[in-house]
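Residue-level structure breakdown
Each chain is listed here by its residues.
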Amino acid sequence: MKAQPRKFPPAKFSHSGYHWNCGSGRFFEGWYYRLTLPEQSFAFMFAIDDPQGGTKYSGGSVQVLGVDDQHIWRTLPRVQNFQASRGRPELSHWNSNKEGYAASDRHNQGRINQSKISCTWDYQIQPISQSRSATMGWLSYLPVFAPGWQVLMLHGLGSGCVTWGERSYEFQNAPVYIEKNWGGAFPQQWFWLQCNAFDSMPDLSLVSAGGKRKTLGISSDVAMVSLYFKGELYRFMPDNSEIYCEVKPWGSWEIRAYNDRSQSIEIRGETDQIGSWVMVPTSEGLKFKCRDTAIGRIKISLNVKGKTIYAHSSQAALEVGGAIWTKTWKFKSARI
């Protein structure tokens, strides 16, 4: 069944709203919410594929990476049940059996069951640092940089409850992170890491990512780092920084970046966990082509005006995805 086009108000800030233009071509959009508790981490992943309906890839999904990196998921096949706003981060998708989700930048709730594990969640969100500019620069405003990617909330605080199986986790002011991606093209290869639960530094949040992206049909390796600390945002982007990356197929992530404001950062992520494979949109629908852990180790050093800030955590989210590679991926980010 084809979804019916609807009119929406313009977005309040860059890329925050739903991007589908009611076309008939291949399209996906995905949202990622991470909640970090002292004892566990939960990642909630929502996606819609070919929302026009009528293709073999049409449908939605909800995934949760939960306790000890356990992964559960459900498909939500009825695209007509999917709703999203073009004006802000606000979306929902429910099955007739009441499995599904409703999420925004102020609230996240949902419920899924798989085999012997069920998960329900309901928590309010207080934004601390929201992105009001395009994460990957001015080119992302044009249909030449694919796929699109946007950090919606680098740092926020969540209060509510998550129930995993028979255990409930109640929390107040737990770190929250939100991002999204979209488009009709799919990355060939990428890495990603994120953390906003650093030891003794509750006001520090970090995300870094790199991938093989296409701009005007030309593939290049690009990377970025964004860090929020005590009200300040430090950006290391392809248009203002020299960024060097060395990422193993699994287990080690190393990034060094130097921006045009004489700021620098060094990041090292590592894990001896096996991680879990999660589904990501591909040209052939959702596939298990992404390996994740939410209990990785990370160390960072940020240098600003001669002062160095050190931080570490054992609750980092670490990821590799796309094509399976067997050699260390070492590159300098292309300038965009």
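Please refer to the structure higher up on the page.
Cut-offs applied
- Residues numbered from 1 in each chain as written.
- Predicted model: local features only at pLDDT ≥ 70, side-chain atom pairs only at ≥ 80, totals over all residues.
- Heavy atoms only, no water.
- Helix = DSSP H or I, 4+ residues; strand = E, 2+ residues; numbered from the N terminus.
- Buried < 20%, exposed > 50% of the residue type's maximum accessible area, 1.4 Å probe, protein only.
- Contact = heavy atoms within 4.5 Å.
- Disulfide = S-S within 2.5 Å.
- 1 Å grid on protein atoms, 1.4 Å probe; cavity = no way out; pocket = protein on both sides within 12 Å on 5 of 7 lines; lining within 4 Å.
- Points joined across faces, edges and corners; volume = space filled by probe spheres on them.
- Nonpolar A, V, L, I, M, F, W, Y, C, P; charged D, E, K, R; others polar.
- Patch = residues over 30% accessible without salt bridge, like charges linked within 9 Å, V, L, I, M, F, W, Y side chains within 5 Å.
- Areas by Shrake-Rupley, 256 points an atom, 1.4 Å probe, with all protein chains shown as cover.
- Salt bridge = Lys/Arg side-chain N within 4 Å of Asp/Glu carboxyl O.
- Pairing = 2+ DSSP bridges.
- Polar contact = N/O pair within 3.5 Å; in protein donor to acceptor, adjacent residues only side chain to side chain.

1. Quick notes on the overall build of the protein
A count of helical and extended segments in the protein gives zero helices and 23 strands. Within the protein, the fraction of its 336 residues that count as buried is 58%. Long-range contacts, defined as pairs at least 24 residues apart, comprise 58% of the intrachain contacts of the protein with a sequence gap of at least 6.

2. A closer look at the state of the cysteines
The full count for this structure, using the stated rule, is zero disulfides. Left unpaired, Cys 119 is separated from the closest cysteine sulfur, that of Cys 161, by 9.7 Å. On the basis of relative accessibility, which here comes to 0%, the residue Cys 119 falls in the buried class.

3. Some thoughts on empty space enclosed by the protein
Going through the model one piece at a time under the given rule, you end up with three cavities of 30 Å³ or more. By volume, the largest cavity amounts to about 590 Å³. Tallied by class, residues from the lining of the largest cavity come to 22 nonpolar, seven polar and five charged.

4. Section: a nonpolar patch on the surface
A surface patch of nonpolar side chains, about 330 Å² in accessible area, is lined by Trp 277, Phe 288 and Ile 324. Taking the relative accessible area as the measure of exposure, Ile 324 reaches 64% and is therefore exposed.

5. Considerations on the pattern of salt bridges
Under the criterion given, the structure shown has 13 salt bridges. Between Asp 105 and Arg 106 there is a salt bridge whose closest N-O contact spans 3.1 Å. Judged by its relative accessible area of 38%, Arg 106 is partly exposed. Where Asp 221 meets Lys 212, a salt bridge forms, and the shortest distance between an N and an O atom there is 3.1 Å. On the accessibility criterion, Asp 221 (18% relative accessible area) is buried.

6. Points about the sheet that holds strand β5 (residues 83-84)
Strands sit in the order β4-β3-β2-β1-β12-β11-β9-β8-β7-β6-β5 across an open sheet of eleven strands; the sheet is antiparallel. Every other strand in the sheet has two partners, leaving β4 (71-76) and β5 as the edge strands with one partner each.

7. Quick notes on the pairing of strand β21 (residues 285-304)
One ladder, built from seven bridges, connects strand β19 (residues 264-270) with β21; its direction is antiparallel. Note on β21: the bridge partner recorded for Glu 266 is Ser 301. Sheet topology note: the strand β20 (residues 276-282)/β21 ladder contains seven bridges and is antiparallel. Looking at the pairing, Trp 277 lines up with Arg 291 of β21. Connecting the antiparallel pair β20 and β21 is a turn made up of two residues. Relative to strand β22 (residues 307-322), β21 runs antiparallel, the two being bridged by twelve bridges. In the sheet register, Asn 303 faces β22, and the bridge partner there is Thr 308. With antiparallel pairing between neighbouring strands as the criterion, β21 and β22 make up a hairpin whose turn holds two residues, including Lys 305 at a positive phi of roughly 55 degrees.

8. Some words on the side chain of Ser 41
Looking at where Ser 41 falls in the secondary structure, it is placed in strand β2 (residues 41-49). A relative accessible area of 4% places Ser 41 in the buried class. Among the polar contacts listed, one links the side chain of Ser 41 to the side chain of Arg 34, at a separation of 3.1 Å.

9. So, the pairing of strand β8 (residues 107-114)
Pairing geometry for strand β7 (residues 100-104) and β8, over four bridges, is antiparallel. The residue of β8 that forms the bridge with Ala 103 is Asn 108. Between β7 and β8, which follow one another and run antiparallel, lie two residues. Pairing of β8 with strand β9 (residues 117-130) involves eight bridges; the strand directions are antiparallel. Directly across from Gly 110, in β9, lies its bridge partner Trp 121. The antiparallel hairpin formed by β8 and β9 contains two residues in its connecting segment, where Ser 115 sits at a positive phi of about 50 degrees.

These values are about where atoms sit, not about what they do.
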